[in-house]
Amino acid sequence: MLAYAVRRVLATIPLLLIGTFVVYVLVSISGDPLAKLATCTQCDQQAFDRIIDLYDLDKPIPERYVNWVVNAVQGDFGPAVSFGSIDAGELVLERAANSARLAIPAFLIIVTIAITLGVYSAVNQYSRLDYAVTGLSFLGISLPTFVFALLLQTIMIWMLDAFGWRPFFVTGMRTVELDGFLPMLRSHVLPVITLVLVITASESRFQRAAMLEVINSDYIRTARAKGLPNRKVILRHGLRNALIPMATIWAIDFAALLGGSVVTETIFAWPGLGPLFISAVTQLDLNLTMAIVMLTSLLVIVFNLVADLAYGLLDPRIRYE
Amino acid sequence: MTTPLLEVDDLRVTFRTDDGDVRAVQGLSFTVAEGETLAVVGESGSGKTVAALAIMRLLPRTARVEGTIRFRGTSLLDLDEDGMRDLQGDDLAMIFQDPMTALNPVFTVGDQIVEAIRTHRDVTESAARARATELLDLVGIPEPKQRIDNYPHEFSGGMRQRAMIAMGIANEPKLLIADEPTTALDVTVQAQVMEVVRTVQEATGTAVMLVTHDLGLVAGTADRIQVMYGGRLFEAGPTDTVFYGSRNPYTLGLMASIPSAVGRTARRLEPIPGSPPSLIALPEGCAFSPRCAFATEACRDEPELRVVDAASGHATRCHRAEELPDLVAARATATAGSEGGAAEPGAAGDGAA
């Protein structure tokens, strides 16, 4: 299994190279840093030369890419010019930590609720609660994220108007260190709820489908024929098998959450990766864009590997050679 | 006569579907005595598996089960969930058709047998494991001490079915229902598995209800046979009586369609024409009449299951039961070159057994 993991990690290197090359080229050709200077009347040749030098604009794109890779593997992602030329790598890590503050609690809540709802719906297929869960899930899947976010904000504003007090903050991030525990909690709740609402909807559907397939299988009948209590049949024999396909879905969702959510973080003015990415792309900040792409690709690759290894633990039929 | 181990009276099972009610079992009555082997034979869709699942109360909730099922005097359909669970896997056990899918892939074979034991017996994990090893040895798994920690996918089909049997008999049931235990297996393995069932029966004295579509398999194993068709009992009696003196055209048809391994007769297999009836819209009268070579006007009325030989308890559902041997003989002479379908089945049965 260790050899397999090592091999998988090595296999990600060409994957990362191809991915970053494509993004590097696309971002490089999608805008010209000199364009802004074209209408600048006070700018002299010196300003042009400084920018050409800064971005290596006198060299071909593949060569620039190779230079970027050489620096990147040494941990130097260059300055983020749109953020006062601070180190892009450090900036991304700082924002990623902020995104994780939402992603980790949201993920734990999502998995708990999705398993509970999925199992309950599958076991009581076509019951009223199953229909209710199905209906709400489709609502969650089809409504855009911003609807939930704005709705939650509206409720808070309404409470502020009606009672002069609101339980949760509408925008911004508070931390324990700077603001204390309670403000931290009050600022985290709404964005976490938004993420939970949106992702739980689809995950509970997957869980229900996985569980339905399992509880109609022969070995569940065998377990019942043994005289096992229903709870043991469902949880020990049923859920244990239904979790196997979920491992992949969790890995994808968790990687996506850690990579920052553009809409949710933007609406709640959360200093996470999502708004940072939007700003980097719109301002054509190549170094910053590349640092974010690098991190999100790594997240996807790492969590896919985690999922594949989890498969081996959950399913004895899978062997790694 | 003492009270039988299992007493099924007027069992009816109906599934409600969008196309109409599927009457899978219609008025089935039979008994199983302690220690005996009863074979329930019929084509796919004859209701034999549904009847077995109804006894185990393992049918989905959409099934409507009526009638009475008494097991050692207890009415199973009136038991609450807890009461039924106490019986399931203990005095009343079942093994299933497809050993490939009937074992849970994520637990070891040992774990699954240990679970069956500890659900009903208050024993330690290690005692249950020791018992599980014994059981695997009994059903003929080589090196049971090592194989107990294997997962089902590390077992062959035959070994999995042996493991299933070990799990079924773990608590020495009074009645073991085997639903097509050999259908998914190779012919050579089939014989081995039936041998295991016999060994187990000798070791534990359990009664066996063997559900199968394979008459050949039944010949050497069963004390009594009951033949089902269209959710009804068509013929019932001691194995030899049914094999050599069947009074039912459907049973005769089944036997004529078994290939014989002995006697290089050039006899052609005679399939039963047509296919089993739809259980939603059964034919008027005798359910078999549309496929029956001997059907007459009288068969428009549904025949009763009636006893033709009180001594052996041989019963059949056919208007023409008395004249049937003559009819078959006449038909045999009419088909030139053939030795006669009805005279053959005995040999066919012995051959397959």
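Residues numbered from 1 in each chain as written. Chains lettered and ligands numbered in written order. Predicted model: local features only at pLDDT ≥ 70, side-chain atom pairs only at ≥ 80, totals over all residues.

Undergrad: Help me understand the overall build of chain A in this model?
TA: Each helix and strand counted, chain A has 13 helices and 2 strands in total. Across its three principal directions, the C-alpha atoms of chain A cover 85 × 65 × 35 Å. Per-residue burial for chain A yields a buried fraction of 34% across its 321 residues. Sequence separation of 24 or more characterises 69% of the internal contacts of chain A that already satisfy a separation of 6 or more. (Helix = DSSP H or I, 4+ residues; strand = E, 2+ residues; numbered from the N terminus. Buried ≥ 20, exposed ≤ 12 C-beta atoms within 10 Å, placed from the backbone. Contact = placed C-beta atoms within 7 Å.)

Undergrad: Which parts of the structure should I look at to understand unusual backbone geometry?
TA: A negative phi holds for most residues other than glycine; trans holds for most peptide bonds. Residue and element names in this part refer to chain B. Unlike most non-glycine residues, D10 shows phi in positive territory, near 50 degrees. Take D10: it is sitting in strand β1 (residues 6-17). With a phi angle near 45 degrees, E180 is a residue other than glycine that sits in the positive phi range. Mapping E180 onto the fold places it in the loop between β7 (175-179) and α8 (187-204). Residue classification places E180 among the buried residues on the basis of 21 C-beta atoms within 10 Å.

Undergrad: How should I be thinking about helix α9 (residues 218-225) of chain A in this particular structure?
TA: Each turn of an α-helix holds 3.6 residues, which means side chains three or four residues apart point in the same direction. Burial runs high along α9 of chain A: 6 of the 8 residues are buried. Burial in α9 of chain A covers these residues: Y219, R221, T222, A223, R224 and A225 of chain A. Residues of α9 of chain A that are buried in the fold lie against α10 (230-258) of chain A together with α1 (48-56), β6 (92-95) and α3 (99-102) of chain B. Just downstream of α9 of chain A, G227 of chain A is the residue with a positive phi angle, here 85 degrees.

Undergrad: Which parts of the structure should I look at to understand the sheet that holds strand β8 (residues 207-212) of chain B?
TA: Strand pairing in a sheet relies on backbone hydrogen bonds. The paired strands run either parallel or antiparallel. All names here are of chain B. Spatially, 8 strands are ordered β6-β7-β8-β3-β9-β10-β12-β11 in an open sheet, and the strand pairing comes out mixed. Because the sheet does not close on itself, it has two edges, and the strands there are β6 and β11 (306-309). Going across the sheet, the axis of each strand differs from the next one's by a mean of 20 degrees, ignoring polarity. Each of β3 (37-41), β6, β7, β8 and β9 (224-229) is contacted by α1, which is oriented at about 145 degrees to β7, the strand it contacts most. Across the sheet, helix α7 (residues 157-168) lies against β6 and β7, angled at about 175 degrees from β6, the strand it touches most. (Pairing = 2+ DSSP bridges. Axes fitted to C-alpha atoms, helices over the stretch in contact; angles between N-to-C directions.)

Undergrad: Explain the domain arrangement of chain A here, please?
TA: Think of interface size as the accessible area that goes away when the parts come together; that is how it is often given. Residue and element names in this part refer to chain A. Here chain A is described as being made up of domain 1 (2-87) and domain 2 (89-314). Measuring from the centre of the C-alpha atoms in domain 1 to the corresponding centre in domain 2 gives 33 Å. Of the residues lining the interface, 25 residues belong to domain 1; the matching set on domain 2 comes to 20 residues. Contributing elements (two or more residues each) for the side of domain 1 that touches domain 2: α1 (2-29), α3 (61-73), β1 (79-80) and β2 (86-87). Element by element, the count of residues in the side of domain 1 that touches domain 2 is highest for α1, at 11 residues. (Domains from an automatic or database assignment.)

Undergrad: How do you make sense of the confidence of the model for chain B when you look at a structure like this?
TA: In regions of low pLDDT, the predicted coordinates are not meant to be interpreted in detail. Taken over all residues, the pLDDT of chain B has a mean of 87, while the share at 70 or more is 92%. Our summary of model confidence lists the complex with pTM equal to 0.83 and ipTM equal to 0.85. (pLDDT = per-residue confidence, 0-100.)

Undergrad: Is there a simple way to think about the pairing of β9 of chain B in this case?
TA: Looking down a regular strand, the side chains alternate between one sheet face and the other. Residues and elements named next belong to chain B. With 6 of its 6 residues buried, β9 lies for the most part within the structure. Here β9 shows no split at all, with R224, Q226 and M228 on one side and I225, V227 and Y229 on the other all buried. Pairing of β3 with β9, which is carried by 4 bridges, proceeds in the parallel orientation. Counterpart to V40 in the pairing with β9 is Q226. Bridge analysis of β9 against strand β10 (residues 232-238) gives 6 bridges, and the strand direction is antiparallel. In the strand pairing of β10, Y229 is matched with R232. The turn linking β9 back onto β10 is made up of 2 residues, and G230 within it adopts a positive phi angle of 55 degrees.

Undergrad: Would you mind going over the packing of α7 of chain B against α8 of chain B with me for this structure?
TA: Axis angle and axis distance: for two packed helices, these are the angle between their axes and the distance between the axes, and together they describe the pair. Residue and element names in this part refer to chain B. Contact geometry of α7 with α8 gives a least axis separation of 10 Å together with a crossing angle of 15 degrees. With respect to α8, the axis of α7 lies roughly parallel. At the point where α7 passes α8, the crossing takes the right-handed sense. Two secondary-structure elements touch here, α7 through G157, G158, Q161, R162 and I165 and α8 through V189, Q192, V193, V196, V197 and V200. Looking at the contact of α7 with α8, its residues break down into 6 nonpolar, 4 polar and 1 charged. (Parallel < 35°, antiparallel > 145°, perpendicular 65-115°, else oblique. Left-handed = near helix turned anticlockwise from the far one by under 90°. Nonpolar A, V, L, I, M, F, W, Y, C, P; charged D, E, K, R; others polar.)

Undergrad: Can you walk me through the environment of R236 of chain A in this structure?
TA: All names here are of chain A. Secondary-structure assignment places R236 in helix α10. Judged by the 17 C-beta atoms lying within 10 Å of it, R236 is partly exposed. Sequence separation between R236 and A223 is 13 residues; the distance between their C-alpha atoms is 9.7 Å.

Undergrad: It is not clear to me how the interface of chain B and chain A should be interpreted in this structure. Could you clarify?
TA: Taken residue by residue, the interface counts 22 residues in chain B and 18 residues in chain A. Looking at the side of chain B that touches chain A, the elements with two or more residues in it are α2 (81-87), α3 and α4 (109-120) of chain B. The greatest single-element share of the side of chain B that touches chain A, amounting to 4 residues, is contributed by α4 of chain B. A class-by-class count of the residues in the side of chain B that touches chain A yields 10 nonpolar, 7 polar and 5 charged.

Undergrad: I tried to follow the domain arrangement of chain B on my own but got confused; where do I start?
TA: Residues and elements named next belong to chain B. If you check the domain split of chain B, you get domain 1 (6-213) and domain 2 (227-262 + 282-352). Put simply, the middle of domain 1 and the middle of domain 2, counted by C-alpha atoms, are 29 Å apart. The partner domain 2 presents 9 residues to the 13 residues of domain 1 that form the contact. Taken together, the elements giving at least two residues each to the side of domain 1 that touches domain 2 come down to β2 (20-32) and β3.

Undergrad: Mind showing me how you'd approach the pairing of β3 of chain B here?
TA: Residue and element names in this part refer to chain B. By the criterion of burial, β3 is predominantly enclosed, with 5 of the 5 residues buried. Of the two faces of β3, the one holding T37, A39 and V41 and the one holding L38 and V40 are both buried throughout. Across 5 bridges, β3 lies against β8 in parallel orientation. Among the inter-strand pairings, T37 is bridged to a residue of β8, identified as V208.

Undergrad: Please explain the packing of α1 of chain A against α3 of chain A as it appears in this structure.
TA: Residues and elements named next belong to chain A. It is the contact of α1 with α3, at a shortest axis distance of 10 Å, that shows an interaxial angle of 125 degrees. The orientation of α1 relative to α3 falls into the category oblique. For the pair α1 and α3, the sense of crossing is right-handed. Across from F21, Y24, V25 and S28 in α1, the residues of α3 making contact are I61, R64, Y65 and W68. A class-by-class count of the residues in the contact of α1 with α3 yields 6 nonpolar, 1 polar and 1 charged.

Undergrad: Help me understand the environment of A178 of chain B in this model?
TA: Residues and elements named next belong to chain B. Structurally, A178 is set in strand β7. Classification of A178 as buried rests on a count of 28 C-beta atoms within 10 Å. When the C-alpha atoms of A178 and M94 are compared, they prove to be 5.7 Å apart, with 84 residues separating the residues in sequence. Residues within four places of A178 in sequence aside, it is in contact with I95, V197, V208, L210 and V211.

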